[in-house]
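# Geometric and topological summary
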Amino acid sequence: MNSRVRPSLLAALVLTAPLMACARAPEASSSPSAQTAPAAAPAVAAAPLVTGLPDFTRLVEQVGPGVVNIEARISRRPSARNRGGMPSDEQMPEIFRRFFGPGFPGQPGEPGDPGQDAPSGRSVGSGFIISNDGYILTNHHVVDGADSITVRLSDRREFTAKLIGSDETYDVALLKVDGKGLPTLRQGQSSAIKPGQWVVAIGSPLGLDQSVTAGIVSAVGRTGGPGQQYVPFIQTDVAINRGNSGGPLLNTSGEVVGINSQILSNSGGYMGVSFAIPMDLAMGAVEQIKKGGKVSRGMLGVQIQGIDAARAKGLGLADSNGALVNNVEPGSAAEKGGIEVGDVIVSVNGRPVSTSADLPPMVGMLPPGTKAKIGVIRDGKPRELTVTLGELASDAQRAAAAPDDADAGPAQASALAGLGLRVAELDARSRSQLGLEAGKGVGITGVTGAEAREAGLLPGMAIVQVGRTPVGSVAELERQLRGTRPGDVVMLLVRTPAGQTSFIALAVGDGE
C-alpha cells in the first residue's frame, strides 16, 4: 500500500470507530432506561441581536402576487444602423442604458456586426397588474417590436397579452390579458416621495422571478438624456438589473410609486444608481392610451437654458431659480401667450420651476389645449401670463431642450474694452446663413478675451440682443453697452451658424 494513503485510511478508521460504537451502544445495554430515547427539547427561537431594521416580509407577501414576468418574442428586424437611429458602441455616451432580459440580441454592446439585421429573439422584463380584469403596466422598451407577449404570474399561470398601446417618451406600455379576480397593486402618489425614504422593487432580474430588493430614494426629478426631458425620474439605490424593467417600485405601504426603467452603469450591471418613472406620470399616460391609443403632451414652444450665478447677476435676479427663455417658436403657444426672449419662467400653474429641467415635464404632463398660468420675471418684475398649450409633435418629442451646460452660443460683438470681442456688420448673405431677419444681429469676427473664449464664443456667431434689447448694427450694440463698468455682467443673446440661440453672461473686464 502506498505510504501516503495509509495515514489517511487510519485517520478514517479512527474517526469512524467512535460513531459506530455510539450507534451500537443502546443495543449492548440491558437497562430499560437506556432503551428509552429522551424527549427532544422544544426549539426556542433566539432573540434577534439587531433590532429596528425594516422588515418587508408582509409587504412582499401581499404585493408579490400582483407582480408578473413578461416575455416578448421578437422576429427578425432591421438593425439600428439600418434604421439610422442607434450609434455604435464607441459613439454611445455612458448615460442611461436601457436593459433587456438575458439573450436579447441587438442591444448596445452586444457582439456581432451592427450592420446586419437583428435576428429573432426575446425580451424578458417585469410588470404589474393594475386592475383585476387584466390590465398590466410595463416598460415600452420591454415589448417594443414584439410579435407575441406572454405574461406569467407568481402562481405559474400564463396568459397571452395584447398590447393596448405604449409611449416611447414616457417608456410606458399598457397590456391586457383575459382574466378575472386577478391580484392587483395599489397606486401611490409619486409626488409625495422624498429622498431618504425606503422603497422596494420586485421583478425578474436576470430571469429570476419574484426577486425582492430594497433601498432608499436617492433623488427625485432627475432628467435623462436627449428625448427624456419629459420624465422627472425617481433615482434610487435599489439593486436593479436586466429583467427588472417594467417592475414596480413600492413605498413601505405597498403602493406603487414608480416603474423601474433604467440604470446608470459603465458595465451594464447594477452600480447603485437606478431610475424609475413616477407613477403619477405613468397613470396619466395610461388614461390617454385607454381613451385614444396614444399619449399627447402639451407644448409651450420655447427653447430654454439654465441660470447660473453669472446669468442671475446679469439679469438682475435675486437667485438662480427658473428657466431662461432664449428662443420663442413663431406661431407657438408661447408667442401667442406673450412670452418673450429674455423672460425667466419661474412657475407653471403655481408650481415653482427651480431649474430649466423642471419645465418640460411640467408642461408635457398637461393635455394640449390646457390654459396654463405661466409665471415669469421680466425686467426684474414678476408677472403672470395665460397660455393655451399646443401639442408636442411626435418628431419633437425626442428633441431635447437646450441643456443647462450646453449653452454653445456666441457672445457680444464689438471691440469695446473689457469684452474681449471684435465685431462687424452682417451682410444679407450672412444673416440668411444664420437664419436672421434683415436688420438683426451683429457678427463676431474675433475673440480675444479669455472669459469670452471659455464661454464658447467663436468667430462666425452673431449677437442678437443685449439683455432684452435687439441689436442690428455695431452702433446699436455699442449704444447698449455704453455705461458698463469693469465688474458688470452683460447678458448677450447669441446665435450660432447652426441656428442655436442662447444667453451668455460676460463680466466686463478692464480692457484688452
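The present account deals with the structure reproduced in this document. (Residues numbered from 1 in each chain as written. Predicted model: local features only at pLDDT ≥ 70, side-chain atom pairs only at ≥ 80, totals over all residues. Heavy atoms only, no water.)

### Quick word on the overall build of the chain
Defined as follows: A run of H or I in DSSP counts as a helix once it spans at least four residues, and a run of E counts as a strand once it spans at least two, with each numbered from the N terminus. Using a 1.4 Å probe on the protein chains alone, a residue whose accessible area is under 20% of its type maximum counts as buried, one over 50% counts as exposed, and one in between counts as partly exposed. Contacts are assigned to residue pairs with any non-hydrogen atoms lying within 4.5 Å of each other.
Scanning the chain from N- to C-terminus turns up twelve helices and 27 strands. Looking at the chain as a whole, 44% of its 512 residues are labelled buried. In the chain, the share of contacts with a sequence separation of at least 24, taken over all contacts with a separation of at least 6, comes to 65%.

### So, the sheet that holds strand 1 (residues 67-74)
Whenever strands of a sheet pair, they do so through backbone hydrogen bonds, lying parallel or antiparallel. So the rule is basically this: Here, strands pair whenever DSSP counts at least two bridges between them. In this description, a line fitted to the C-alpha atoms serves as the axis of each element, helices being fitted only across the stretch in contact, and the angle between N-to-C directions of two axes falls anywhere from 0 to 180 degrees.
Taken together, the six strands give a closed barrel; going around it, the order is 1-2-3-6-5-4, and neighbouring strands pair in antiparallel fashion. Across this sheet, the average inter-strand angle for adjacent strands is 40°, counted without regard to direction. Of the strand pairs in this sheet, strand 2 (residues 121-129) and strand 3 (residues 135-138) are connected by two bridges, and their pairing is antiparallel. Bridging across to strand 3, Ile129 finds its partner in Ile136.

### What about unusual backbone geometry?
Positive phi is not limited to glycine here, since Gln210 has a value of about 55°. Topologically, Gln210 is positioned in the loop between strand 8 (198-203) and strand 9 (211-222). With relative accessibility at 31%, the residue Gln210 sits in the partly exposed group. The phi angle at Asn349 is positive, at roughly 50°, despite the residue not being glycine. Assignment of secondary structure puts Asn349 in the loop between strand 17 (344-348) and strand 18 (351-352). Assessed through its relative accessible area of 40%, Asn349 is described here as partly exposed.

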